[in-house]
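# Commentary on secondary and tertiary structure
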Amino acid sequence: MIDKMMISKYFSKSQLKGLLKTGDVILPGTNVSPSFSSTGCINHIDRMAKYLSPDDLNGLQMVFFVLRWMPKWVITLLLKLCSHSNSFPSFIGAGLRMLEIGLKGATLSPYYANLTASGYEGNKVYDVIGWHPKFFVNEDGMPVKQTPVNLDSPTSEDVEKIYKVARESGPEIRDWGVKKRLQFISNLKAVILKNQEYILDRLQADTKKSRFDAITAEIFGVLDFLDYLEKNAVKILSDRKVPTPFALMGKKSKVYFEPLGTALLISPWNYPFYQAIVPICQAFIVGNAVVFKPSSDTPLKGLVEDMLSQAGFLPGWVQVVYGKGGKIGNALVDGKPDKIFLIGSQTVGKLIMERAAKYLIPVELELGGKDPMVVFEDVNIDRAVAGAIWGAFTTTGQSCTSVERLFVQDSIYEQFKQNLIKETLKLVQATDDDGNADIGPMTTRGQVEAIAAQVADAKEKGAVFLTGGDWDGRSEFVPPMIVEGVTSEMLIDREENFGPLLPIYTFSSEAEAIDLANDPEYGLSASVWSQDLKRADRVARRIYTGNVSINNVMLTEGNHALPFGGVQKSGFGRYKGEFGFYAFANIKAVLIDQNSAKMEANWFPYTAKKYRIFSDLTRALYSPGRISGLIKSAFYGLKLETYVKKLAKKGRK
């Protein structure tokens with residue numbers, strides 16, 4: 001039976017079903033030999049189709065599409081007619097013979113080549129017929145086996161091989177085209193849904209996050225992104241016509257979106273599945289080969305490549321490299337990929353950027369934030385409190401767009417604060433397997449220590465911990481902490497808080513809120529809360545950041561049509577949305593002219609007369625007065641064209 005995940009570069013799903021049905025008519029199997037469909041040899045049909053002439057391939061495509069809708073008895077009858085082709089008039093007989101050759105060639109070739117789908121454990125054709133061919137590929141008669149590339153803590157030599165595989169795979173990926181690549185994306189959606197609980201188990205084992213956090217952010221978010229690709233990739237990546245100005249009349253202008261080649265993707269430890277699948281698929285759908293480096297803290301070892309393999313991704317298209325970041329990261333940059341996309345810390349971002357500069361490799365960096373939440377006095381307090389709690393403490397605060405500074409207008413501050421404390425104390429913190437916990441423990445020991453240092457510094461300098469103040473500074477179950485009295489001298493105010501810390505502040509005016517939100521110099525995300533949407537929009541425009549949610553929190557990430565990225569210390573570049581495609585594309589400008597004898601006005605030779613006419617045309621084109629300008633432009637344009645033709649024939653006198 002056809003593998004539901006099979007994707008052919010040359011045949012549609014419907015045509016493959018026609019081939020499968022025909023194969024089982026020709027090779028139905030016996031008590032000892034397998035049927036055509038049972039071996040899965042159809043999975044290798046592209047190996048044959050690759051070498052067919054365009055006419056033969058088009059003929060097979062058409063025949064298999066028609067046979068898809070025919071009952072098997074009709075196909076059997078058709079093949080019997082083919083075997084009696086000599087009984088028909090010559091032109092009919094010739095057609096039947098060609099049909100028989102095509103059908104039997106497409107079915108018998110992969111079947112008797114002993115080709116099977118991966119995982120097939122039945123009888124092999126050669127075993128049944130008792131014949132095993134020998135093949136020789138070098139002088140001593142031993143077959144050459146390709147040595148697998150080492151992807152686990154690779155050496156510099158291994159990295160060279162990794163990029164060699166990627167560069168060999170790049171043209172193959174590009175050749176499939178966007179529509180065919182999308183079939184792999186659709187397959188991947190189905191694979192993730194099928195393996196949802198297994199993926200969640202693996203995520204919790206590596207990250208320790210609550211199961212509900214995992215399913216919403218890592219599973220739902222990924223599936224929604226893949227759905228966005230299915231609906232938008234073809235349109236966004238299609239060749240695009242753009243206007244051609246009057247001065248270039250007769251020409252056409254287009255934009256092509258082509259793959260860059262090989263993309264190096266480096267992801268963080270906090271959302272290891274989402275931040276793997278999303279950038280991988282964004283780069284792949286444009287047509288790039290991918291080298292992907294996950295964090296060594298949450299590598300999900302083998303999971304991503306397993307999901308991609310089940311979805312039909314071919315070897316070499318996406319290579320996942322494991323190991324500690326420093327040395328391996330340098331080697332991966334030195335491999336000279338065509339694009340580097342990093343989600344991580346400022347420290348790592350600067351090192352990657354510095355090293356990439358030696359090779360002029362384009363880099364995009366998403367480096368975390370210090371996200372402000374600005375709450376005006378006219379909000380629904382209960383809703384804004386709920387948003388602040390989730391925005392600050394989801395994934396135990398280990399999100400680059402977590403709320404890290406909460407600014408509340410002074411007239412509602414006390415009420416807001418009391419509600420915030422009451423609702424925060426209701427959170428359930430535990431390691432769960434049924435979705436019944438709100439937050440889990442911290443993911444890494446290093447991050448526990450970083451939060452402990454910020455907490456100790458804040459306490460020493462006079463901050464008041466309204467919740468979580470009794471944490472021992474060692475347990476990985478870091479409780480949600482609401483902190484008051486924070487000043488600019490404290491680490492908790494200046495550094496990114498990658499944990500469940502929520503400093504709260506007051507403000508009195510709109511201008512003060514904007515100033516507070518814009519300090520320090522981060523700019524990844526923000527949220528503004530107000531009943532007055534004009535005020536909310538005004539403030540959102542004044543906050544220097546890459547993303548703003550109005551009357552919600554961390555929600556720009558929930559719409560995959562929106563680009564994502566930051567400014568200032570939060571990095572630069574955008575991925576996701578339409579602009580995310582362009583992050584991995586060579587945006588090529590193309591101008592098309594006719595292959596005629598016409599000479600261009602701006603070409604040599606230059607003469608005083610040509611200068612005068614061109615000067616008159618310039619004034620006519622760009623001076624005020626639409627109708628008169630159009631008439632004058634047409635007049636001088638025609639005059640210039642006539643003169644250029646004359647120059648082309650007679651030359652400069």
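Look up a bit, the structure's there.
Each value, and the rule that gives it
For every chain, the first residue of the written sequence is number 1, and numbering continues from 1 along that sequence. In keeping with the model being predicted, local features are shown solely for residues with a pLDDT of at least 70 and side-chain atom pairs are shown and tallied solely at 80 or more, while totals for entire chains, interfaces and linings include all residues. Heavy atoms throughout the structure, all of them, feed into the side-chain values; hydrogens and water do not. Note on conventions: DSSP H or I runs of at least 4 residues are helices, E runs of at least 2 residues are strands, and numbering of each starts at the N terminus. Buried, partly exposed and exposed residues are distinguished by accessible area as a fraction of the type maximum, computed with a 1.4 Å probe on protein chains only: under 20%, between the cut-offs, and over 50%, respectively. Polar contacts, as counted here, are pairs of nitrogen or oxygen atoms within 3.5 Å of one another; within protein the pair requires one atom able to donate a hydrogen and one able to accept it, and residues that are adjacent in sequence qualify only if both atoms are side-chain atoms. For this analysis, residues touch if any pair of their heavy atoms sits within 4.5 Å. Surface patches are drawn from residues lacking salt bridges whose relative accessible area is over 30%; two like charges belong together within 9 Å, two nonpolar side chains (Val, Leu, Ile, Met, Phe, Trp, Tyr) within 5 Å. Note on areas: Shrake-Rupley with a 1.4 Å probe; residue coverage comes only from the protein chains shown. Basic side-chain nitrogens of Lys or Arg form a salt bridge, by our definition, when they fall within 4 Å of a carboxyl oxygen of Asp or Glu. In summary, the charge assignment counts Lys and Arg as positive and Asp and Glu as negative, without counting His or the chain termini. The atom standing in for a charge is NZ when the residue is Lys, CZ when it is Arg, CG when it is Asp and CD when it is Glu.

### Topic: the environment of Ser83
With respect to the helices and strands, the residue Ser83 is situated in helix H5 (residues 72–83). Judged by its relative accessible area of 48%, Ser83 falls in the partly exposed class. Counting along the chain gives 13 residues from Ser83 to Leu96, while the straight-line C-alpha distance between them is 8.2 Å. From its side chain, Ser83 meets the backbone oxygen of Lys80 in a polar contact 2.6 Å long.

### Structural notes on unusual backbone geometry
The linkage connecting Asp519 with the following residue, Pro520, adopts the cis geometry, with an omega of 5°. Within the secondary structure, Pro520 sits in the loop between helix H19 (510–517) and strand S13 (525–529). Residue Pro605 is reached from Phe604 by a cis peptide bond, and omega for that bond is 5°. Take Pro605: it is sitting in the loop between strand S16 (585–592) and helix H22 (608–622). The phi dihedral of Thr395 is positive, around 55°, even though this residue is not glycine. Residue position: Thr395 is located in the loop between helix H15 (381–393) and strand S9 (403–409). One non-glycine residue with positive phi stands out, namely Asn551, at about 55°.

### With respect to the side chain of Lys370
The residue Lys370 is located in the loop between strand S7 (363–366) and strand S8 (371–375) in this model. A distance of 2.7 Å separates the side chain of Lys370 from the backbone oxygen of Ile492, its partner in a polar contact. When residues no more than four places from it in sequence are discounted, the contact partners of Lys370 are Glu404, Arg405, Ile492, Asp493, Arg494, Glu495, Glu496, Asn497, Pro520 and Tyr522.

### Comments concerning a nonpolar patch on the surface
Taken together, the side chains of Trp73, Leu77, Leu81, Phe88, Phe91 and Ile92 define a hydrophobic patch exposed on the protein surface, amounting to about 640 Å² of accessible area. Of note, Leu77 is situated in helix H5.

### Some points on a positive patch on the surface
Taken together, the side chains of Lys598, Lys609, Arg612, Lys639, Lys645, Lys646, Lys649, Lys650 and Lys653 define a basic patch exposed on the protein surface. Elements with a minimum of two residues in the positive patch: H22 and helix H23 (626–650). Top contributing element to the positive patch by residue count: H23, with 5 residues. A relative accessible area of 42% places Lys598 in the partly exposed class.

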